[in-house]
Amino acid sequence: MSKKNQIQAPKGVSEYVPPHSRKFESVREALLAPARSAGYELIELPVFEDTELFTRGVGESTDVVSKEMYTFEDRGGRSITLRPEGTAGVMRAVIEHGLDRGQLPAKLYYSGAFFRAERPQAGRYRQFYQVGIEAIGTQDSALDAEVIAIADAGFKSIGLQKYRLEITSLGDAQSRAKHRVDLVAYIEKLDLDDATKTRATINPLRLFDDKREEVKKQMATAPLLLDYLSEKSRKDFEEVQKHLKALGVEFTVNPRMVRGLDYYTGTTFEFVHDLLGAQSGIGGGGRYDGLMAELGGQELSGIGFGLGIDRCVLAAEAEGISFDQEFTSDLFIIPLGDESKTSALTIAQQLRSSGLRVEISFGDRALKGSMKAADKSGAAYVIVLGESEISSGTVELKEMSTGKTSSVTLASLQKHLLSVSSK
RNA sequence: GUGGGCGUAGCUCAGCUGGUAGAGCACCCGGUUGUGGUCCGGGAUGUCGCGGGUUCGAGCCCCGUCGCUCACCCCA
């Protein structure tokens, strides 16, 4: 609630506080794990970059660059922009650090906050979170398929089911040029309002994405880029599909798919969730042939994706997926009296070093209150630590789910807990 | 940038045709000495988003403003 002098978060940012943040953490780790298993390595980059990186990399004709960037001047008079997406920054860093001079493909993953100055709505925030990967320097349909499969594995490991994968190919430069000529000619004959016409001159492909029925109808017979693919592009695209089938990754070919960033070429894909609102894309990506050269690097092709953590959290909630059990402690220690607090601290420290999750009851509440706290924490076991336990070296280990207790010596507590801990 | 909906305790909300606020959940304490989940008793919490107007009187009406939210646009 907004009180008089209370400072609120800036408009449209997503925040995750406990217990909700558990979901965020679980989702992020689930999305990242398949990339790590496939040999991708972390790249951690600044959230702000030289504005030119995005105008050149992402493309000035995109809405992202033309009206959605957080751009400001720093104290040295440089134009700085909060990163609206991840790929351009990764390419900049790859070139700057010469990662493209080593073994290829360079395989990188990232995770972090991105910024777009849009009007917020369900699943769309001004600061949002993405994980992504980029595989740079190798042109191979098998790599395209693997990248897509890594994203798919991430969604599956969250437990998501109600999503679908759409793929297409944007072909090479010549294919796109030929198609564009025909598409523009086709669009010129249509009955469209001025705003839409303007949009079409900036990027005619955008009209395929229009949600209005009258536009959809008119675009129904528009020339499709897939029909213009060169022999090589067509073969590559078929290879990708063959590999995806072998991997058991389900997909549909959507020749009308449109992506918002200008650098995509060749294989392009998008994951869409069925239970989300208007913002239903949970991830997407594709190959980009010209980006590296555009940014002053070698003529190398890359492929990657960005997955929306926020939207995956929303999707997981919509599907009723819960993550809570991953976040409960193995043991809850209740010290009685000030003297036993030292023991509680040292015992907890020792148990934690073996990977157990251990909490202590703090403050001076009564035993009953501490037991309640233990119950609510979801801890599997509880011990009460008083003078008698410390002097005898034996505690009553209580299993919270059954209420049963058993006598365990402090010396064997760790071994005991490790044997029953699932983690 | 354009449009719709909504702003009452930490959360979810109730508040009849205007008479100066309530429930459930959560939280804290207790129900005789050191063991939770049920039950019972007790307690704290709101300038009813903010500002102005109408009125004897406004959470309820009017105007403005800010915020949240959903959709368009665009996209993760």
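Predicted model only: the values in this text are computed from it and were never measured.

Engineer: Give me the sheet that holds strand β7 (residues 163–169): which residues, what numbers.
Structural biologist: The mixed open sheet is built from 8 strands, whose spatial order is β1-β5-β6-β11-β10-β9-β7-β8. Looking at strand neighbours, the two that pair on one side only are β1 (41–42) and β8 (252–253), the edges of this open sheet. As paired strands, strand β9 (residues 265–273) and strand β10 (residues 281–288) are joined by 6 bridges and run antiparallel to one another. Residue pairing for β10: Thr268 is matched across the bridge by Gly286.

Engineer: I'd love a proper account of the sheet that holds strand β16 (residues 405–409), names of residues and values included.
Structural biologist: Ordered in space as β13-β12-β14-β15-β16, the 5 strands form an open sheet in which the pairing is mixed. Of all the strands in the sheet, the pair left with one neighbour each is β13 (358–360) and β16. When strand polarity is set aside, the average angle formed by the axes of neighbouring strands in this sheet is 30°. Against the sheet, helix α13 (residues 367–377) touches β12 (331–335), β13, β14 (381–385) and β15 (394–399), its axis set at about 165° to β12.

Engineer: Could you give an account of the domain arrangement of chain A, with specific residues and numbers?
Structural biologist: Interfaces are often sized by the accessible area lost when the parts come together. Assigned domains of chain A: these are domain 1 (20–161 + 284–318) and domain 2 (328–420). Here the C-alpha centroids of domain 1 and domain 2 sit 44 Å apart.

Engineer: Describe a positive patch on the surface, listing the residues and the values that go with them.
Structural biologist: Together, Arg365, Lys368, Lys372 and Lys376 make up a positively charged patch on the protein surface. Tracing the sequence through the fold places Lys376 in helix α13. A relative accessible area of 69% means that Lys376 is categorised as exposed.

Engineer: Hey, could you go over the protein's contact with RNA strand B for me, with residue numbers and the actual values?
Structural biologist: Taken together, 48 residues surround RNA strand B, and among them Arg119, Arg199, Gly260, Glu389 and Met400 come closest. Counted by atom, the contact set of RNA strand B within 4 Å of the protein is 54% sugar and phosphate. In this structure, Gln130 approaches RNA strand B through a side-chain N or O atom, which is 3.2 Å from a sugar or linking oxygen. Within the contact set of RNA strand B, a sugar or linking oxygen lies 2.9 Å away from a backbone nitrogen or oxygen of Gly281. If you list the elements that add at least two residues to the surface near RNA strand B, you get α3 (63–67), β6 (127–136), β10, α13 and α14 (387–392). Class assignment of the residues belonging to the surface near RNA strand B gives a composition of 12 nonpolar, 14 polar and 22 charged.

Engineer: Describe in detail the layout of surface pockets, supporting the description with residues and values.
Structural biologist: By volume, the second largest pocket amounts to about 580 Å³. Taken together, 27 residues form the lining of the second largest pocket, with Arg176, Asn203, Asp262, Tyr263 and Tyr264 sitting closest to its centre. Put simply, the parts of the chain that give the lining of the second largest pocket at least two residues each are α2 (51–59), α6 (173–188) and α10 (291–294). The leading source of residues in the lining of the second largest pocket is α6, at 5 residues.

Engineer: Give a description of the packing of aromatic side chains that names residues and reports values.
Structural biologist: Tallied over the entire structure, the rule returns 11 aromatic pairs. Seen from their ring centres, Phe269 and Phe271 are 6.2 Å apart, and the 85° between their planes marks the pair as edge-to-face. Residue Phe271 is classed as buried on the basis of its relative accessible area, which comes to 0%. Through successive ring pairs, a cluster of aromatic residues spans Phe155, Tyr163, Phe269 and Phe271. The ring of Phe114 is capped by Arg83, whose NZ or CZ atom sits 4.4 Å from the centre of that ring. Sitting over the face of the ring of Tyr40, Lys107 holds its NZ or CZ atom 5.3 Å from the ring centroid.

Cut-offs and rules
- Residues numbered from 1 in each chain as written.
- Chains lettered and ligands numbered in written order.
- Predicted model: local features only at pLDDT ≥ 70, side-chain atom pairs only at ≥ 80, totals over all residues.
- Heavy atoms only, no water.
- Pairing = 2+ DSSP bridges.
- Helix = DSSP H or I, 4+ residues; strand = E, 2+ residues; numbered from the N terminus.
- Axes fitted to C-alpha atoms, helices over the stretch in contact; angles between N-to-C directions.
- Contact = heavy atoms within 4.5 Å.
- Domains from an automatic or database assignment.
- Patch = residues over 30% accessible without salt bridge, like charges linked within 9 Å, V, L, I, M, F, W, Y side chains within 5 Å.
- Areas by Shrake-Rupley, 256 points an atom, 1.4 Å probe, with all protein chains shown as cover.
- Salt bridge = Lys/Arg side-chain N within 4 Å of Asp/Glu carboxyl O.
- Lys, Arg positive; Asp, Glu negative; His and termini not counted.
- Charge placed at Lys NZ, Arg CZ, Asp CG, Glu CD.
- Buried < 20%, exposed > 50% of the residue type's maximum accessible area, 1.4 Å probe, protein only.
- Near = heavy atom within 4 Å.
- Polar contact = N/O pair within 3.5 Å; in protein donor to acceptor, adjacent residues only side chain to side chain.
- Nonpolar A, V, L, I, M, F, W, Y, C, P; charged D, E, K, R; others polar.
- 1 Å grid on protein atoms, 1.4 Å probe; cavity = no way out; pocket = protein on both sides within 12 Å on 5 of 7 lines; lining within 4 Å.
- Points joined across faces, edges and corners; volume = space filled by probe spheres on them.
- Phe/Tyr/Trp six-rings, centres within 6.5 Å; stacked < 30°, edge-to-face > 60°.
- Lys NZ or Arg CZ within 6 Å of the ring centre and 35° of its normal.

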